[in-house]
Amino acid sequence: MTCLCLTRNRRQWLPKAIECYRRQTYPNRELLILADGDDVRDLVDDSIRLVHTEGHPEIGEKRNMGCELSRGSIIAHWDDDDHSEPGRLSDQVERLADSGKAVTGYHTMRFTDGAKWWLFWSLPHRACGTSLMYKREWWDRNRFPAKQIGEDVDFVTTAHNAGELISVDARDLMHASIHPGNTSPRIFTRQWTELTA
């Protein structure tokens, strides 16, 4: 299992992502960080694979680079600014095994800006890009398009159309962050519901 973390100039977020990785209950895993921008070597130790990339590749290109470097037969997206509870990896690995499908993710998930919470909801033919987990052999035949925004949407659509996607509600296993540095801006449509305390 390779947890793939892409990061650029987010030193304030990366330690939290590393801590979430360390707390996972799934045993056979590695964390692979692909970084451009700030040098983050001081934030990692020898248990983490860190690769600094040249230039500023598009997100789709960077994902493909990370998948090529992965050692696991399964790849999980591990965004630097999101939170995963200790059971997330185990939950998704079990779902892949039970379903026999190649791709899984969460189509409904909570988001927070630190002060407020929202629920983003969608249907099982979708999955939030930050929540994706997939078999490496599937990725090898269906690589991410080389673009900055929406590469994960294309990947999920391909999996759904092929009957290879299983997507569920994240429940409390994962939540994502809203902040000014989000790669994809959050547009609050009818799929977003503000949560009250």
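Residues numbered from 1 in each chain as written. Predicted model: local features only at pLDDT ≥ 70, side-chain atom pairs only at ≥ 80, totals over all residues. Heavy atoms only, no water.

(A) Region of the structure containing the overall build of the protein chain. The number of helices and strands found in the protein chain is 5 helices and 11 strands. Computed over C-alpha atoms, the radius of gyration of the protein chain comes to 16 Å, within 12% of the 16 Å expected from 2.2 N^0.38 for 197 residues, which places it in the range of a compact globule. Taking the principal axes of its C-alpha atoms as reference, the protein chain extends roughly 40 × 40 × 35 Å. By sequence separation, contacts in the protein chain at least 24 residues apart represent 72% of the contacts at least 6 residues apart. Approximately 9500 Å² of the protein chain is accessible, and the part contributed by carbon and sulfur atoms is 50%. For the protein chain, the centre of its 26 positive side-chain charges and the centre of its 30 negative side-chain charges are spaced 2 Å apart. (Helix = DSSP H or I, 4+ residues; strand = E, 2+ residues; numbered from the N terminus. Rg over C-alpha atoms; globule rule 2.2 N^0.38 Å. Contact = heavy atoms within 4.5 Å. Areas by Shrake-Rupley, 256 points an atom, 1.4 Å probe, with all protein chains shown as cover. Lys, Arg positive; Asp, Glu negative; His and termini not counted. Charge placed at Lys NZ, Arg CZ, Asp CG, Glu CD.)

(B) The nonpolar core, seen in detail. Among the nonpolar cores identified, the biggest contains 21 residues, and Met1, Cys3, Leu31, Ile33, Trp78 and Met133 are the most heavily contacted of them. Per-element accounting of this core gives the leading share, 5 residues, to helix H1 (residues 14-22). When residues no more than four places from it in sequence are discounted, the contact partners of methionine 1 are Tyr26, Asn28, Arg29, Glu30, Gly72, Ser73, Ile74, Ala76, Leu89, Val93 and Met133. One finds Val103, Phe155, Ala159 and Leu165 within the second-largest nonpolar core, a separate group that totals 19 residues. (Core = buried A, V, L, I, M, F, W, Y, C linked by side-chain atoms within 4.5 Å. Buried < 20%, exposed > 50% of the residue type's maximum accessible area, 1.4 Å probe, protein only.)

(C) Broad picture of the pattern of salt bridges. Evaluated as defined, the whole model comprises 13 salt bridges. Of the charged contacts, one joins glutamate 30 and arginine 71 as a salt bridge, the two residues approaching to 3.9 Å between their closest N and O atoms. Residue glutamate 30 is found in strand S2 (residues 30-36), and its partner arginine 71 is found in the loop between helix H2 (59-69) and strand S4 (74-77); the two are separated by 41 residues along the sequence. When its relative accessible area of 10% is taken as the criterion, glutamate 30 is described as buried. Arginine 71 gets classed as exposed once you look at its relative accessible area, which sits at 64%. (Salt bridge = Lys/Arg side-chain N within 4 Å of Asp/Glu carboxyl O.)

(D) Local environment of helix H3 (residues 88-99). Helix length check: H3 (12 residues) gives 17 Å between terminal C-alpha atoms against 16 Å at 1.5 Å per residue, within 8%. All buried positions along H3 are accounted for by Arg88, Leu89, Asp91, Gln92, Val93, Arg95 and Leu96. One or two residues past the end of H3 sits glycine 100, with phi positive at roughly 75 degrees. (Expected span 1.5 Å × (residues − 1).)

(E) Representation of the packing of aromatic side chains in the model. Evaluation of the coordinates by the stated rule reveals 5 aromatic pairs. Ring centres 6.4 Å apart and planes at 85 degrees place the aromatic pair tyrosine 21 and tryptophan 78 in the edge-to-face group. With a gap of 57 residues between them, tyrosine 21 in helix H1 and tryptophan 78 in the loop between S4 and strand S5 (83-84) connect regions that are remote in the sequence. Assigned by exposure class, tyrosine 21 and tryptophan 78 land together as buried. Ring centres of phenylalanine 111 and phenylalanine 120 lie 6.3 Å apart, and the angle between their planes is 75 degrees; this geometry places the pair in the edge-to-face category. For arginine 29, the ring lying beneath its charged end belongs to tyrosine 21, and the centroid distance is 4.8 Å. Between the NZ or CZ atom of arginine 63 and the centre of the ring of phenylalanine 144, over which it lies, the distance is 6.0 Å. (Phe/Tyr/Trp six-rings, centres within 6.5 Å; stacked < 30°, edge-to-face > 60°. Lys NZ or Arg CZ within 6 Å of the ring centre and 35° of its normal.)

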